[in-house]
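Chain residues, written in single-letter form:
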Amino acid sequence: MNRLKDSTSPYLLQHADNPVDWWPWCDEAFAEAAERDVPVLLSVGYAACHWCHVMAHESFEDAQTAALLNEHVVAIKVDREERPDVDAVYMTATQAMTGQGGWPMTVFMTPDKEPFFCGTYFPRDYFQQLVLNVSRAWRTQRDGLTDQAKHVAAALAENASATARALRAQPGDTELGFRQAAEAAVPALERDYDMADGGFGGAPKFPPSMVLEFLLRYHQRTGDPDALRMAEGTCEAMARGGMYDQLGGGFARYSVDARWVVPHFEKMLYDNALLARVYLNLWRLSGSELARRVAEETCAWMLHELRTPDSGFAASLDADSEGEEGKFYVWRPAELDAILRPDDGEFAARAFGVTETGTFEHGTSVLQRRAEPADADRFARVRRELLAARDGRARPARDDKVVAAWNGLAIAALAECGLLLGRRDFIMAARDAASLLAEVHVAGGRLARTSRDGTAGTSAGALEDYACVAEGFLTLSGVTGEAHWMTLAGQLLEVALGSFGDGQGGFFDTAADDEQLIFRPADPADNATPSGTFSVAGALLRYSALAGSARHREAAGAALRVLPGIAARYPRAAGMGLAVAEAWLAGPPEIAVVGSPQDERTRALHETALHAAPPGAVLALGDGTVPAGSGPAGSGPAGSGAAGSEAGVPLLAGRGLVNGAPAAYVCRQFTCQAPVTTPEQLRAALAT
């Protein structure tokens, strides 16, 4: 029976025609296991996962393996990007039981969802024997298995609760704690910093997007040269190596080596959205033309490669094409010569580091750009010709589901890059994606995690979805001057506070009325994406600055109470929290720009506000017509900040033109300096 055929997950659809009798994650699957008196096999992966494809081809498409599974277990297939809660719970179990994790994740559990055996990828012969062994143990050692499973489930739940209690129990003054956490994190990061090749730690190297954002904000506040040096060194190394697509733009998931030469070729929306904003902020602070180029190319790549027909952004591109990892991206010298004239082929080989021995597999090379070529015009022409030739190759598959959180990250990046880089198309794409989320993902005040082809999926939004979408909407509101995005963000944040809060200032990753698993996940540390806790703290802080809401600021501070504990133990997992703390310590600065959007003077102030302000600053744009009597949401700076206030964007309230000219107001916690009317005056105001 093909139970996956109507899924909105391309990953599940890839398995819909397997001979395995797959079930989606649902109550009916566990009831079937209980009725048949067999264990459950949970297989978790995602569409761009190379080893997921390997195990699928070896085992799940194999008739003999499928027959064993169909006879001895109820098999459930889960897309980790659709169900991050299921993935988080059972990845915790896998790491606890095996000391490591990864995908595909393979878990055997009881019909009560309690795991007793966990692993990742298994070769076919081993996997077949494992299924038989599990089935035999289920029949002959049932009590031992179920007792072990109950013990594991109870231990995981207790550990999750104990960890949350320990992290929340951070005493002392909030601002002092944030300042001390940031000051301690920089030297701790420097101890892990790779002086030769950038990045932190050894191979494999992942893009440390949130840490880079923190380092840039820390440098802006303190002037610390080491923070800027680590950020600049890492950004340049990544952008010049093979992890960055030197023809089409966009970053791969990670580098398998320490020098950023050979990537794991899958490309994720979240990496590129986060990195586009990082490179934009690096350009703002340092003037680096490399950073500006990479920010613009990465945004353009998102529009070209990931934009869906319904104006959202697809989750990822696969690593493989034609059954080979990286085939779409790698080159041999002879291929360059065949496409270009021989002299241009040699020029391209030198410029991109393509050698006869190769830097990848089978004599192929991943393109790099270790230095800027002397002949820029020739390089640009060669690059265009190679990109056109590559476009004729078989392309990697695309996971075209729209993930709410990742689209929120993309909306924020595209809106800011569009404003500062003069790319109206980026801003329009951000607005279109936001409209898709508002119209398809939001229903009854709640947020769906995913959609595909304009149809919302069945998975409920996680905390990161509410937080990142709210952040995207707030950023878009500041760029476009459209106040309704702030209203929608406020409504999402009310749900986050009411349904995800733990009653002590912290947050769970799932809502109180979501499906109950063996424990309720609440991981405040960053992973590949910013944690839900740190993300919601950032969105709450931004909203509080726009709305003049002490309640939201207090909630942001309470959410960040876990930061010092995480940053002290593992600062690389605290990057987003540290970045939000930097915004807190800086105010954050609030900039209200008023004037006709058609007036060039308004545009100049608007662009200067974002360019000259520290990263994390809050921006509002209005035409100066907000009634002077309209105050901040609630009853002033200590008001409730209720979402959907009729005052529009309270930061703009009562702030009009100056002698008929567009003006900018620089404020902190709704205390404003005198308005200014020129970009030079605005830069000076922001520098104080």
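Everything below is about the structure shown above.
Residues numbered from 1 in each chain as written. Predicted model: local features only at pLDDT ≥ 70, side-chain atom pairs only at ≥ 80, totals over all residues. Heavy atoms only, no water.

> Go over the packing of aromatic side chains with me, naming the residues and quoting the values.
Within the structure shown, the criterion is met by 24 aromatic pairs. Seen from their ring centres, Trp 25 and Phe 30 are 4.8 Å apart, and the 70° between their planes marks the pair as edge-to-face. Phe 30 carries the same exposure label as Trp 25, and that label is buried. Here the aromatic residues Trp 22, Phe 60, Phe 108, Phe 117, Phe 122, Tyr 126 and Phe 127 are joined through ring pairs into a cluster of three or more. The aromatic ring of Trp 23 is capped on one face by Arg 3, whose charged end is 3.7 Å from the ring centroid. Over the face of the ring belonging to Trp 331 we find Arg 393, whose NZ or CZ atom lies 3.9 Å from the ring centre. (Phe/Tyr/Trp six-rings, centres within 6.5 Å; stacked < 30°, edge-to-face > 60°. Buried < 20%, exposed > 50% of the residue type's maximum accessible area, 1.4 Å probe, protein only. Lys NZ or Arg CZ within 6 Å of the ring centre and 35° of its normal.)

> I'd love a proper account of the sheet that holds strand 19 (residues 618-622), names of residues and values included.
Taken in spatial order, the 4 strands make up an open sheet running 19-18-20-21, and their pairing is mixed. In this open sheet, the two strands that pair with only one neighbour each are strand 19 and strand 21 (671-672). For strand 18 (residues 589-594) and strand 19, the ladder comprises 5 bridges, and the chain directions are parallel. Bridge pairing in strand 19 links Val 593 to Leu 621. On the sheet, helix 25 (residues 679-687) packs against strand 18 and strand 20 (663-668) and is oriented at approximately 5° with respect to strand 20. (Pairing = 2+ DSSP bridges. Helix = DSSP H or I, 4+ residues; strand = E, 2+ residues; numbered from the N terminus. Contact = heavy atoms within 4.5 Å. Axes fitted to C-alpha atoms, helices over the stretch in contact; angles between N-to-C directions.)

> Go over the pattern of salt bridges, please, and point to the residues and values.
For the structure shown, the criterion picks out 56 salt bridges. Asp 87 is the salt-bridge partner of Arg 80, the closest N and O atoms lying 3.2 Å from each other. Two residues, Arg 381 and Glu 385, come together in a salt bridge whose shortest N-O distance is 3.4 Å. Of this pair, Arg 381 and Glu 385 both sit in helix 15 (residues 376-390), 4 residues apart, roughly one helical turn. Given the relative accessible area of 23%, Arg 381 is considered partly exposed. What emerges from the salt-bridge pattern is a single network uniting Glu 236, Arg 240, Arg 293, Glu 297, Arg 369, Glu 372 and Arg 383. (Salt bridge = Lys/Arg side-chain N within 4 Å of Asp/Glu carboxyl O.)

Honestly, that's just the spatial picture; any functional story needs more than this.
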